[in-house]
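Residue strings, one per chain:
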Amino acid sequence: MYDLIIIGGGPAGITAGIYAIRKKLNTLLVSKDFVGQAGESSLIENWPGEKQISGAQLLLKMKNHLESLGAEIKQEEVKNIEKKDCFIVETSQGSRYQAKAVIVASGALPRTLGIKGEKEFIGRGVSYCAICDAPFFNQKIVAVIGGGNSGLETALDLTKYAKKIYILEFSSKIKADEVLQERIRKETKIEIILGAQAQEIRGDSFVKELVYIDRKTKKEKTLQIDGVFVQIGRIPASWFVKGELVDLTPRGEIKIDLNTNQTKTPGLFAAGDVTSILYKQIIIAAGEGAKAALSCYSYLKQE
Ligand SMILES: Cc1cc2nc3c(=O)[nH]c(=O)nc-3n(C[C@H](O)[C@H](O)[C@H](O)COP(=O)(O)OP(=O)(O)OC[C@H]3O[C@@H](n4cnc5c(N)ncnc54)[C@H](O)[C@@H]3O)c2cc1C
């Protein structure tokens with residue numbers, strides 16, 4: 001029986017792990033991977049102490065820090081949490097771990113478009129991760145759907161490979177940070193199409209066309225492309241936590257007490273992008289992970 005199981009190996013989970021181990025809690029961290037969302041960013045410029053660092057490097061540093069403290073880590077996917085006398089955490093790999101307390105720090109997953117052709121062409125031209133897939137589009141034409149920070153970052157990552165990049169934004173204005181917009185304006189390969197609603201992805205063995213509606217003229221238009229990168233936001237990875245243990249927002253975010261990070265179930269805490277906190281950023285997720293671990297320590301001491 002562990003004192004604490006942490007689910008998720010992103011900034012929130014790793015920070016929670018560092019704090020818990022330093023409090024001498026017998027801790028297990030279970031994560032599907034150690035990439036998370038931060039690992040998808042090629043350039044992070046707002047982590048204090050690192051003027052510029054790739055997400056993958058930052059995550060590796062965090063993981064090394066956790067491991068240097070002797071953390072016990074399992075690379076598995078959690079599929080269920082139950083509460084009986086203690087918490088039981090079940091994984092898709094068939095393990096059942098027990099703990100007195102749990103911190104859910106499972107972050108968020110890419111939101112899908114839900115249009116015709118999207119699912120069919122995943123891995124054949126449709127991608128959700130530029131860091132992972134951009135090199136496959138050398139000298140190709142690609143479309144990025146979404147003009148937020150992730151969409152613009154994805155387009156910038158693609159400039160190293162693709163010969164032409166369209167950014168399709170649903171609204172009439174790009175909402176990404178000004179610093180990213182400035183960079184995009186300097187890139188001659190990138191063309192922004194505003195007021196564009198993606199309709200269908202077509203192709204044969206690989207993606208060939210993207211059909212969208214020009215929301216101003218209501219006309220259907222077609223782009224000849226080789227790939228589509230979908231960057232229209234994220235959904236909280238809360239699917240494995242049952243409704244009787246936690247309250248969720250309509251978006252699926254886990255509701256927590258903002259002071260203690262505890263959910264409605266005593267001993268069950270949550271931290272980072274999977275929760276209803278306002279800003280989804282690395283430093284905030286890390287801070288929330290620290291808060292959750294400290295609250296968990298107080299809870300276990302009282303118990
Ligand atoms: C492309 C991109 C660029 C970004 N750039 C920046 C930036 O420059 N600066 C910034 O501050 N923020 C940036 N962000 C936001 C930032 O990455 C997130 O706010 C932060 O990573 C949230 O941390 P987290 O630990 O809550 O979740 P995540 O980073 O999502 O980590 C969650 C972890 O949980 C694991 N997990 C999920 N489900 C399960 C399960 N069922 N079982 C086991 N493990 C599971 C995942 O595999 C992952 O390892 C960016 C995000 C994206 C997508």
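You'll find the structure just up there.
Numbering of residues starts from 1 in each chain and follows the order in which that chain's sequence is written. Local features are withheld for residues below a pLDDT of 70 in this predicted model, meaning they are given only at 70 or higher, and side-chain atom pairs are given and counted only at 80 or more; totals for whole chains, interfaces and linings count all residues. Side-chain descriptors were evaluated using all non-hydrogen atoms of the structure, hydrogens and water having been removed beforehand.

**Focus on the site of the ligand**
Around the ligand there are 33 residues in total, and Asp33, Gln37, Val78, Asp273 and Ile282 lie nearest to it. Counting of polar contacts relies on pairs of N or O atoms within 3.5 Å, with two restrictions inside protein: one atom must be capable of donating a hydrogen and the other of accepting it, and residues adjacent in sequence are counted only when both atoms are side-chain atoms. For the ligand, an oxygen atom lies 3.3 Å from a polar atom in the side chain of Ser31. Note that a nitrogen atom of the ligand is positioned 2.8 Å from one of the backbone N or O atoms of Val78. Note on areas: Shrake-Rupley, 1.4 Å probe, and residue coverage restricted to the protein chains presented here. Burial of the ligand by the protein chains amounts to 95% of its free accessible area of 1,000 Å². Put simply, DSSP marks the helices as runs of H or I at least four residues long and the strands as runs of E at least two long, and each gets a number from the N terminus on. Mapped by element, the contributors of at least two residues to the shell around the ligand are helix H1 (11-22) and helix H6 (282-302). Split by residue class, the shell around the ligand holds 13 nonpolar, twelve polar and eight charged. Proximity is defined per residue: any heavy atom of the residue falling within 4 Å of a molecule or strand makes that residue near it. Any residue outside Ala, Val, Leu, Ile, Met, Phe, Trp, Tyr, Cys, Pro, Asp, Glu, Lys and Arg is labelled polar, Gly included; the first ten of those are nonpolar and the last four are charged.

**Describing H1**
Counted at 1.5 Å a residue, the expected span for H1 with its twelve residues is 16 Å, and the 17 Å between its end C-alpha atoms agrees. Classification of residues uses two cut-offs on accessible area relative to the type maximum, computed with a 1.4 Å probe and protein chains only: under 20% is buried, over 50% is exposed, and between them is partly exposed. With ten of twelve residues buried, H1 is to be regarded as a mostly interior element. Helix span, expected: 1.5 Å multiplied by one less than the number of residues in the helix.

**Concerning helix H5 (residues 178-186)**
When we look at burial in H5, the residues that qualify are Leu180, Gln181 and Ile184. Each buried residue of H5 sits inside an arc of 100° when the element is viewed along its axis, so together they form one side. Residues of H5 that are exposed and point more than 90 degrees away from the buried face comprise Arg185 and Lys186. In this structure, the buried residues of H5 make contact with helix H4 (149-158), strand S10 (164-169) and strand S11 (190-194). The arc in question is the one traced by the directions running from the helix axis out to the C-beta atoms. We call two residues in contact when some of their heavy atoms are within 4.5 Å.

**Section: the nonpolar core**
Nonpolar cores are built from buried Ala, Val, Leu, Ile, Met, Phe, Trp, Tyr and Cys residues. Side-chain atoms within 4.5 Å join them into one set. Leu4, Ile14, Leu66, Ile103 and Cys296 are the most contacted members of the largest nonpolar core, which totals 31 residues. Where this core is concerned, the elements lending two or more residues are strand S1 (2-7), H1, helix H2 (55-68), strand S6 (96-104) and H6. No other element matches the seven residues that H6 contributes to this core. Residues contacting Cys296, with those up to four places away along its chain left out, are Leu4, Ala101, Ile103 and Phe269. Residues Tyr97, Val241, Leu245 and Ile277 belong to the second largest nonpolar core, which totals 23 residues.

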